[in-house]
Amino acid sequence: NSYLQQWLPHQRHYLAILLDMEAPPEPRDCILCGADGIFRCTECAHRLVFCTMCCQAEHKHWPFHRVEQWNGIFFEESSLQLAGLVLHVGHGGKHCPAGGCSNDEVTTEEEDDWEDVDQDGCPPNLQAPKNRSCLIVVHTSGIHYCNVQYCRCPGADDSHIQLMQAGMFPATTKATRTAFTFQVLDDFVRDNVECGTSAMNFYSKLRRITSNAFPHLVPDRYRELLRVAREHMHPKDAGSEAWLMDGKGYMVASQPYKEYLSGTKNVVEISDCSNHQAVNQANANQQQLTSTGIGGCACAQHGCFVLHAMVDFQKG
């Protein structure tokens, strides 16, 4: 209450500042060149206003900022793709000296049916360009349509490898149309572990960040996020599963716990292995026991388990 009492005299001043932030600056000039400031970045400090050319140049290395565009009356939701920004994947973000080109791996059939969003009445910033250069990038700031150009120098890596090198994990290795930044994957893991957020709810939040007014018009890619994050359910055909680990990081355990220790599954099952009483009795009487359960050594930065470093604390 004391804090609120201190704040109350400033209530109207705070409100006035918030309202001023919605209005364009006077004059509405580009912060860099003084031309018509048509775009405003909501993520740059002080919500800077740029002309089209300066907006492209300033966001060359910040392609996932959210911008608004002046429509003559107010700033409305827009995108850097509408500002003409091109995401150059190779050469550290610079234009490919060989000219570069779009995703020529995409066939006509894949290009026609890759998008699953009904775009009738969709605002311009949420309309997916129907061309091969369009890439959906999922970032912590939402879902972005990006005009992407890959390096096509002799001996250049495949496009999905170039995306990885640029900090984006491709949803597929062939004809990639969706990629996830490493930041959003890390953010999802933290939300999932600390808050119990499901992939569906996490992606629903990203859709709301992308467009609070039209979240239902934002493309649905949560299943791809689920697959990329390796949070899988019980397979119908366990023999067809592709294992990412060789098993050297575990004690001998039942299948669910192998998945848990590899980081590919959140285990809720009770182990049927008689040697895992430490797991099944995790909530049992633990008096006079300093440490119980299963532990292991892992890299604090990457979370990778050290080989042969798993231990049952009650057995030593």
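Because the structure is a prediction, the values reported are computed rather than measured. (Residues numbered from 1 in each chain as written. Predicted model: local features only at pLDDT ≥ 70, side-chain atom pairs only at ≥ 80, totals over all residues. Heavy atoms only, no water.)

Focus: the sheet that holds strand β4 (residues 75-77)
Here comes step 1: Strands sit in the order β2-β1-β3-β4 across an open sheet of four strands; the sheet is antiparallel. One side of each edge strand has no neighbouring strand; the edge strands of this open sheet are β2 (49-50) and β4.
Here comes step 2: With two bridges joining them, strand β1 (residues 39-41) and β2 adopt antiparallel strand pairing. Its bridge partner lying in β2, F39 is registered against F50. (Pairing = 2+ DSSP bridges. Helix = DSSP H or I, 4+ residues; strand = E, 2+ residues; numbered from the N terminus.)

Description of the confidence of the model for the protein chain
In low-pLDDT regions, the fine details of the predicted coordinates are not to be read closely.
Here comes step 1: Averaged over the protein chain, the pLDDT score is 80; the fraction of residues at 70 or greater is 72%.
Here comes step 2: Note that residues 106-114 has pLDDT below 50 and, in this model, 18 contacts with residues that lie over four places away or in other chains.
Here comes step 3: Note that residues 264-271 has pLDDT below 50 and, in this model, 22 contacts with residues that lie over four places away or in other chains. (pLDDT = per-residue confidence, 0-100. Contact = heavy atoms within 4.5 Å.)

Considerations on the environment of L185
Here comes step 1: Relative to the helices and strands, L185 is located in helix α6 (residues 182-195).
Here comes step 2: Residue L185 is classed as buried on the basis of its relative accessible area of 12%.
Here comes step 3: With 45 residues separating them in the primary sequence, L185 and T140 have C-alpha atoms 8.7 Å apart.
Here comes step 4: Not counting residues within four places of it along the chain, the set of residues in contact with L185 comprises F169, F180, L225 and V228. (Buried < 20%, exposed > 50% of the residue type's maximum accessible area, 1.4 Å probe, protein only.)

Focus: α6
Here comes step 1: Taking 1.5 Å per residue as the helical rise, α6 with its 14 residues ought to reach 20 Å, and the 19 Å between its terminal C-alpha atoms agrees with that figure.
Here comes step 2: Listed as buried for α6 are V184, L185, F188, D191 and N192. Seen along its axis, α6 keeps its buried residues to an arc of 125°; they face one direction. Facing away from the buried side of α6, by more than 90 degrees, are the exposed residues R190, V193 and E194.
Here comes step 3: Packing partners of the buried residues in α6 comprise β6 (134-139), β8 (168-170), β9 (178-181), α7 (199-210) and α8 (222-228).
Here comes step 4: Positive phi appears at G196, one or two residues downstream of α6, with a value of about 70°. (Expected span 1.5 Å × (residues − 1). Arc of directions from axis to C-beta.)

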